[in-house]
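Examining the three-dimensional arrangement
Take a look at the letters that make up each chain.
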Amino acid sequence: MYCGKCGNQINGNAKFCNKCGNPVGGNNNQILVNGAPMNEKKSHKAVIAVAIIVPIVLLIAIVGFVVLIMFAVFSTLGEQATEEYVDLSGDEIPTMYYVVGRREVCSYNTSTRDNEIMLSYEYCDGQLNVDDYIEYEDYLLDIEGFTNSSDITTRFIKESVDDNMYLEVEIDRYTDTITYYKYKLDGGDI
């Protein structure tokens, strides 16, 4: 405890400051903060204020960061959802958006390996219906010149404009995912 008048450290049992004679007790009890006396009640209020304000500020900062990340992701997905064509290194394939209109994309992936380029759209639940799939598949077959390459899964294939290259569209109705591929059959680099 410190003297409220001069700031001198006082023994806990003293009734008066041994330096200036100021009475000890009541509202005169002081503590030092950065070398200056401060009333204990004010100190307690400051600690409570810091204990409340700091977590609130941190929470606001974290929520703001999460919202910013989500906005960036969803704005990118929104841009992908309105692309009319998928560009696979010189080959363009019409997207679901071009054929049946806007549908909300929830996930977008792309990768490139030595002999393959892959781009995948996963549409949000309920965005695609049976008629959408049929219209898109018919468009790929009738207009774009793809052929159905499998009876088990819905896969469409055609030759690329590049020599020894192929384009493939794989439609997975269970996961609402359409994946586009460009690859070389001999395994060489694209």
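Described below are features of the structure shown in this document. (Residues numbered from 1 in each chain as written. Predicted model: local features only at pLDDT ≥ 70, side-chain atom pairs only at ≥ 80, totals over all residues. Heavy atoms only, no water.)

1. Some remarks on a negative patch on the surface
Among the surface-exposed residues, Asp131, Glu135, Asp138 and Asp142 lie close enough to one another that they form a single negatively charged patch. Its location among the elements puts aspartate 138 in helix H3 (residues 130-142). (Patch = residues over 30% accessible without salt bridge, like charges linked within 9 Å, V, L, I, M, F, W, Y side chains within 5 Å. Areas by Shrake-Rupley, 256 points an atom, 1.4 Å probe, with all protein chains shown as cover. Salt bridge = Lys/Arg side-chain N within 4 Å of Asp/Glu carboxyl O. Lys, Arg positive; Asp, Glu negative; His and termini not counted. Charge placed at Lys NZ, Arg CZ, Asp CG, Glu CD. Helix = DSSP H or I, 4+ residues; strand = E, 2+ residues; numbered from the N terminus.)

2. Regarding the state of the cysteines
Scanning the entire structure with this criterion turns up one disulfide. Sulfur-sulfur distance for the disulfide between cysteine 106 and cysteine 124 comes to 1.6 Å. Measuring the twist about the S-S bond at about 115°, one finds the cysteine 106-cysteine 124 disulfide to be right-handed. Here cysteine 124 lies in the loop between strand E6 (116-123) and H3 and cysteine 106 lies in strand E5 (residues 105-113), a separation of 18 residues in the sequence. (Disulfide = S-S within 2.5 Å.)

3. Here's the deal with a nonpolar patch on the surface
Nonpolar side chains collect at one region of the surface, where Ile48, Ile52, Ile53, Ile56, Val57 and Ile60 lie side by side and expose about 560 Å² of accessible area between them. Overall, the relative accessible area of 49% leaves isoleucine 53 in the partly exposed class. (Buried < 20%, exposed > 50% of the residue type's maximum accessible area, 1.4 Å probe, protein only.)

4. Quick notes on the nonpolar core
In this structure, Ile93, Tyr136, Val169 and Tyr180 are the most contacted members of the largest nonpolar core, which totals 23 residues. Among the elements of the structure, strand E3 (85-88), helix H2 (96-100), E6, H3, strand E9 (165-172) and strand E10 (177-184) are those that each provide at least two residues to this core. (Core = buried A, V, L, I, M, F, W, Y, C linked by side-chain atoms within 4.5 Å.)

5. Observations concerning H3
The first and last C-alpha atoms of H3 sit 18 Å apart over 13 residues, in line with the 18 Å expected at 1.5 Å per residue. Residues Asp132, Tyr133, Tyr136, Glu137, Tyr139 and Leu140 constitute the buried set of H3. One side of H3 carries all its buried residues, which in axial view fall inside an arc of 155°. When the buried face of H3 is taken as reference, the exposed residues oriented beyond 90 degrees from it are Val130, Asp131 and Asp142. Against the buried residues of H3 lie strand E4 (91-94), H2, strand E8 (154-159), E9 and E10. The N-cap of H3, judged by a side-chain oxygen 3.0 Å from the amide nitrogen of aspartate 131 a few residues on, is asparagine 129. (Expected span 1.5 Å × (residues − 1). Arc of directions from axis to C-beta. Contact = heavy atoms within 4.5 Å. Polar contact = N/O pair within 3.5 Å; in protein donor to acceptor, adjacent residues only side chain to side chain.)

6. Digging into the packing of aromatic side chains
What the rule picks out here adds up to six aromatic pairs. Ring geometry for tyrosine 108 against tyrosine 121: centres 5.7 Å apart, planes inclined by 45°, an arrangement best described as tilted. Separated by 13 residues along the polypeptide, tyrosine 108 in strand E5 and tyrosine 121 in strand E6 bring together distant segments of the chain. Overall, tyrosine 108 belongs to the partly exposed group, its relative accessible area being 25%. Between tyrosine 121 and tyrosine 123, the aromatic rings sit 6.3 Å apart at their centres with planes inclined by 40°, giving tilted as the arrangement. (Phe/Tyr/Trp six-rings, centres within 6.5 Å; stacked < 30°, edge-to-face > 60°.)

7. Here we look at the sheet that holds E6
Read from one edge of the open sheet, six strands run E5-E6-E10-E9-E8-E7, paired in antiparallel fashion. Edge positions in the sheet fall to E5 and strand E7 (147-148), since each of these pairs with one other strand and no more. Pairing analysis gives seven bridges linking E6 to E10, with the strands arranged antiparallel. Looking across to E10, one finds that leucine 119 is bridged to tyrosine 180. Along the sheet, H3 makes contact with E7, E8, E9 and E10, crossing E9 at roughly 165°. (Pairing = 2+ DSSP bridges. Axes fitted to C-alpha atoms, helices over the stretch in contact; angles between N-to-C directions.)

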